[in-house]
Amino acid sequence: MTATNTEHLTESLSTPSASTRRASTFDAFRRWGYLQAQLDPLGQLLPPQPIEDLLLDGPDAEAARAIYCGSIGVEFMHMPDAERRQWIAARMEGEQESIDPQHTLQLLVRADIFEQTIQARYMGTKRFSLEGVTSLIPFLDALLNRAGSLGAERSVMAMSHRGRLNVMVNTLGKSAADIFSRFEDVDPRSILGGGDVKYHTGATGDLVTLSGKTIALHLVSNPSHLEAVDPVAMGRAYAWQTRCGADGRERVLPIVIHGDAAFAGQGIWAETLNLSGIDGYAAGGGIHIIVNNLIGFTAEPQEYTSSRFASDIAHRLQIPIFHVQAEDLYAVQRVAAFAAEYRYRFHSDVVIDLIGYRRHGHSEVDDPTITQPLRYARIKEHPPLYKLFADHVDIDPAPMVQEFQGDLELALRQAQTMQKRSPLAQLPKYWSRYKGGPCPHGYEPRTHLSAEEIAALTQTLTAYPDGFHIHSKIKKLLEQRAEMGRGERAIDYGMAEALALASLLTAGTPVRLSGQDSQRGTFNQRHSVLIDTETEATHVPLNHLAPDQARFDVYNSLLSEAGVLGFEYGYSRDFPEALVLWEAQFGDFANGAQIIIDQFISSGEDKWGLLSGLVLLLPHGYEGQGPEHSSARVERYLQLAARDNMQICQPSTAAQYFHLLRRQALRNWRKPLVIFTPKSMLRHPSALSPLTEFAQIRLQDVLPETEVRNAQRLLLCTGKIGHELRAERNKRGDTHTGILFLEQMYPWPEQELRAALEAHPKVRELVWVQEEPKNMGARSFVLPRLRRLVPQNMQIRSVQRSSAASPATGSAKAHAMEQQTLIDMALSTSPARDN
């Protein structure tokens, strides 16, 4: 190499070329430009953050600053996938598409004037106005138009109350008169005792894109627990995608609209976000829009998040985050198009942080000048967005305003005479076979199977492919199950469940089961997925029953209760013909999903007319495992039980569990089913069932006494304690005490229970026995109903543990002593009074 060439190489290494400098400059702004973006339309919050890497000048810096530090700030350089980073950079740095100013102004006028009309007509009434971020309406319009061009035919949408009424009218096309009638509260008798406030209910509509395509829209009903609807909406979208088949992810788009404080603060959203890439839950990417008012109730950003942006929790996933100033309509609609295109190209979530303000207080009855006087002084002088945009594009909005005000005046007059419609009328066609309402007494589906049918199912349930290296323990289990199916061995709960599911699948009923460790089963009882010991290949016998069988899905869920249960509830809402089950690892783990249970599962029909056949499997039983692994909190579900809203059962034998699962799927009465499932009794001889019990016609809501005739005392109980009482009674040679099992606690089986009592006319004492403390369990639910049922001269007592703050002792020895004392008291002819 010559000296000249060496000098040239040294110069090229020490002095970056123009293209290298440009690349370095743009790289800095791609990484950090969002921290200096102009995002607060009032210019008060989120000031540019000094970044040393951005202290650059020159034409390249100016160009990069204009792209990345204007009304759009995008976080994407944290993503490890180079293709995705390059895609976003190319779109940001490419030419801007034009927007239709006339169409955009029309949408803004409708959004702002709708809110102003309600404010004038119903002053002081809560509506949770969208004013301050009314650009959400053109954002959704642009998003859905672009998504429609990419294949979307349907969108499942979720949002909390802020702006909900506006979206109903201006995106879903719901009648303004219908919304106003809810303010008028016309004819409340039509939903007396039920219903919900107007800004919680769901809505269904269509959006016709500018190209003429119709996109079906559904806004999911939501309680005041702001982010609780997130997993519900994702589960509903996933169900629709499943219905659509292989291209379901293209045809069905999930959109979830959040508040800023809720996005940052609500844990259920973090759980839902984590579902997005997991098999069985991934819906091909959702569009997540933060309607960011830069305030949460009265809390300012530094009070509701520890970081700069409410969206920062989304950094847990490798997804882009677009921050956009809500009053730059060009930027807003540009980001909407980006979001749709990115989702459809990469099937990934996208987060949009739409930053504006809140014109009124948290609700319209609040005075925000008390807590944010400076910001609200600016807001008072700040014009509505439609006026700002009209000035910017030099279009007179007056004709649009006048026309829409006329439409709203007509709607207001119509609202005063409208009759409220029951939300049941909004159920989609696939619900036509099913009904809610009161429990149908009289007709129950037959749930039995013949010995021949069970034998046939057993052959496929216990088979596996040639060359499959089965675990020795599982091989032994399958051999035992084969004996069960042939009637050579009593059937346990695991086999009873497999037979129930197999019989449904071969009859065309899809089954979906999820939960922590649900493929194997917490107590090693299920083994629905067989694993090759040499290759870890899997075989699912329930998916190899027959060529034309229905689909069986079983998933080990992430370590979440609220997020996963919400997802399964959502799935059950749009797949009523499927048997959908969620299993808690231990019954009391459902505590972590109490919001879903309270606000959706138990009350969804009463509030919104929405039915669900979701099954909750909650392991329950006192076995000395401590406070957190004993009680499934029976009392909480019974407290929620009213108006035949759900079923609460504890099957005491394997056959009863079999009949219960089949009844749930075969009934056209669709209600949630809570099952308190066994733990130690899964394989206990007294809870196993002979083949003949599977041939019984249907489930027995009350298991009668079969060994003692003309009992003088009757013990009534549920689950494990009943088997223990029977064993001790027989050991003592007691021929005077009968034991009844209450298999269904709700709806209360009064007729069946009366028949079981009348079979023992000599009874003078009825004793309710439970393992739980006096202030827990079913005692407070059962005793008043028993007193109304039995003759006045019959004595009613109860035996249980003493009232306690904790469900169970942490000592195995103490548990054994308590349990034996409880059994002794129950079997004593003169039991102590309620302790």
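Let me begin by describing the structure that accompanies this report. (Residues numbered from 1 in each chain as written. Predicted model: local features only at pLDDT ≥ 70, side-chain atom pairs only at ≥ 80, totals over all residues. Heavy atoms only, no water.)

Once that is clear, we can look at the packing of aromatic side chains. For the structure on display, the rule yields 28 aromatic pairs. Judged by centre distance (5.1 Å) and plane angle (45°), the rings of Phe 263 and Trp 269 are tilted. For the residue pair Phe 263 and Trp 269, the accessibility class agrees, reading buried in each case. Between Tyr 493 and Tyr 657, the ring centres sit 5.8 Å apart and the planes meet at 40°, which makes this aromatic pair tilted. (Phe/Tyr/Trp six-rings, centres within 6.5 Å; stacked < 30°, edge-to-face > 60°. Buried < 20%, exposed > 50% of the residue type's maximum accessible area, 1.4 Å probe, protein only.)

This part covers the sheet that holds strand S15 (residues 647–649). Here seven strands make up an open sheet; going across it, the order is S12-S9-S13-S14-S16-S15-S20 and the pairing mixed. The sheet is open, and its two edges are formed by strand S12 (552–556) and strand S20 (744–746), each paired on a single side. Between one strand axis and the next, the sheet turns through 20° on average, direction left out of account. Where strand S14 (residues 615–619) and strand S16 (residues 673–677) come together, five bridges link them in parallel fashion. Pairing of Val 615 across the sheet is with Leu 673, part of S16. (Pairing = 2+ DSSP bridges. Helix = DSSP H or I, 4+ residues; strand = E, 2+ residues; numbered from the N terminus. Axes fitted to C-alpha atoms, helices over the stretch in contact; angles between N-to-C directions.)

On to the sheet that holds strand S4 (residues 214–219), then. Spatial ordering of the open sheet is given by S1-S7-S8-S6-S5-S2-S4-S3, a layout of eight strands whose pairing is mixed. Whereas interior strands pair on both sides, the edge strands pair on one side only; in this sheet they are strand S1 (72–75) and strand S3 (203–208). Within this sheet the neighbouring strands show an average axis-to-axis angle of 20°, counted without direction. One ladder, built from six bridges, connects strand S6 (residues 287–292) with strand S8 (residues 350–355); its direction is parallel. Of the residues in S8, the one forming a bridge with Ile 289 is Ile 352.

Here helix H18 (residues 451–461) crosses helix H20 (residues 493–506) at 100°, and the two axes come no closer than 10 Å. Taken together, the axis directions place H18 and H20 in an arrangement best described as roughly perpendicular. Residues Ile 454, Leu 457, Thr 458 and Leu 461 of H18 touch H20, and the partners they reach there are Met 495, Ala 498, Leu 499, Ala 502, Ser 503 and Thr 506. (Parallel < 35°, antiparallel > 145°, perpendicular 65-115°, else oblique. Contact = heavy atoms within 4.5 Å.)

Next up on the list: helix H26 (residues 720–732). Over its 13 residues, H26 extends 19 Å from the first C-alpha to the last, a length consistent with the 18 Å expected when each residue adds 1.5 Å. Among all positions of H26, only Lys 720, Ile 721, Gly 722, His 723, Leu 725, Arg 726, Glu 728 and Arg 729 are buried. Each element contacted by the buried residues of H26 is listed here: strand S18 (713–717), strand S19 (737–742), strand S21 (765–773) and helix H29 (812–827). (Expected span 1.5 Å × (residues − 1).)

The next thing to look at is the packing of helix H5 (residues 101–121) against helix H8 (residues 176–184). Orientation of H5 relative to H8, taken along the N-to-C sense of each, is 25°, at an axis distance of 12 Å. Comparing the axis directions of H5 and H8 gives the class roughly parallel. The interaxial crossing formed by H5 with H8 has right-handed handedness. Here Phe 114, Thr 117, Ile 118 and Arg 121 of H5 come into contact with H8, specifically with Ile 179, Phe 180, Phe 183 and Glu 184. Considering only residue class, the contact of H5 with H8 consists of five nonpolar, one polar and two charged. (Left-handed = near helix turned anticlockwise from the far one by under 90°. Nonpolar A, V, L, I, M, F, W, Y, C, P; charged D, E, K, R; others polar.)

So, about the pairing of strand S22 (residues 795–801). For S22, the buried fraction is high: six of the seven residues fall into the buried class. Relative to S22, S21 is paired through six bridges, and the arrangement is parallel. The residue of S22 that forms the bridge with Val 767 is Arg 797. A crossover links S21 with its parallel partner S22, the connecting element being helix H28 (residues 779–789), and its sense is right-handed. (Right-handed = clockwise from strand over helix to strand, strands pointing away.)

The next thing to look at is the pattern of salt bridges. One pass over the full model with this rule turns up 41 salt bridges. For Lys 174, the salt bridge goes to Asp 178, with nearest N and O atoms at 3.2 Å. Residue Asp 178 is classed as buried on the basis of its relative accessible area, which comes to 8%. Between Glu 705 and Arg 729 there is a salt bridge, with its nearest N and O atoms 2.7 Å apart. (Salt bridge = Lys/Arg side-chain N within 4 Å of Asp/Glu carboxyl O.)

Tracing the sequence through the fold places Thr 305 in the loop between helix H13 (301–304) and strand S7 (321–325). One polar contact links Thr 305 to Ser 307, side chain to side chain, over a distance of 3.3 Å. (Polar contact = N/O pair within 3.5 Å; in protein donor to acceptor, adjacent residues only side chain to side chain.)

So, about the environment of Lys 126. Tracing the backbone through its elements, the reader meets Lys 126 in the loop between H5 and helix H6 (136–149). Residues Lys 126 and His 362, spaced 236 residues apart in sequence, show a C-alpha to C-alpha distance of 9.2 Å. The contact partners of Lys 126, leaving out residues within four places of it in the chain, are Phe 183, Lys 198, Tyr 199, Ser 363, Glu 364 and Val 365.

Attention shifts here to the pairing of strand S9 (residues 511–515). Consecutive side chains of a regular strand alternate in pointing toward one face of the sheet and then the other. In terms of residue burial, S9 counts as a mostly covered element, since five of its five residues are buried. Burial of the side chains of S9 extends over both faces: Val 511, Leu 513 and Gly 515 are buried on one face and Arg 512 and Ser 514 on the other. Of the strand pairs in this sheet, S9 and strand S13 (residues 579–583) are connected by five bridges, and their pairing is parallel. Within S13, the residue paired with Leu 513 across the bridge is Leu 581. Taken together, the five bridges between S9 and S12 define a ladder with parallel strand orientation. Looking at the pairing, Arg 512 lines up with Asp 553 of S12.

In this chain, Tyr 746 is followed by Pro 747 through a cis amide linkage whose omega measures -5°. Inspection of the secondary structure assignment puts Pro 747 in the loop between S20 and helix H27 (750–758). Even without being a glycine, Phe 128 presents a positive backbone phi close to 60°. Note that Phe 128 resides in the loop between H5 and H6. For Phe 128, a relative accessible area of 5% corresponds to the buried category. You will see that Asp 644, though not glycine, has its phi angle at about 55°, which is positive. Tracing the sequence through the fold places Asp 644 in the loop between helix H24 (634–640) and S15.

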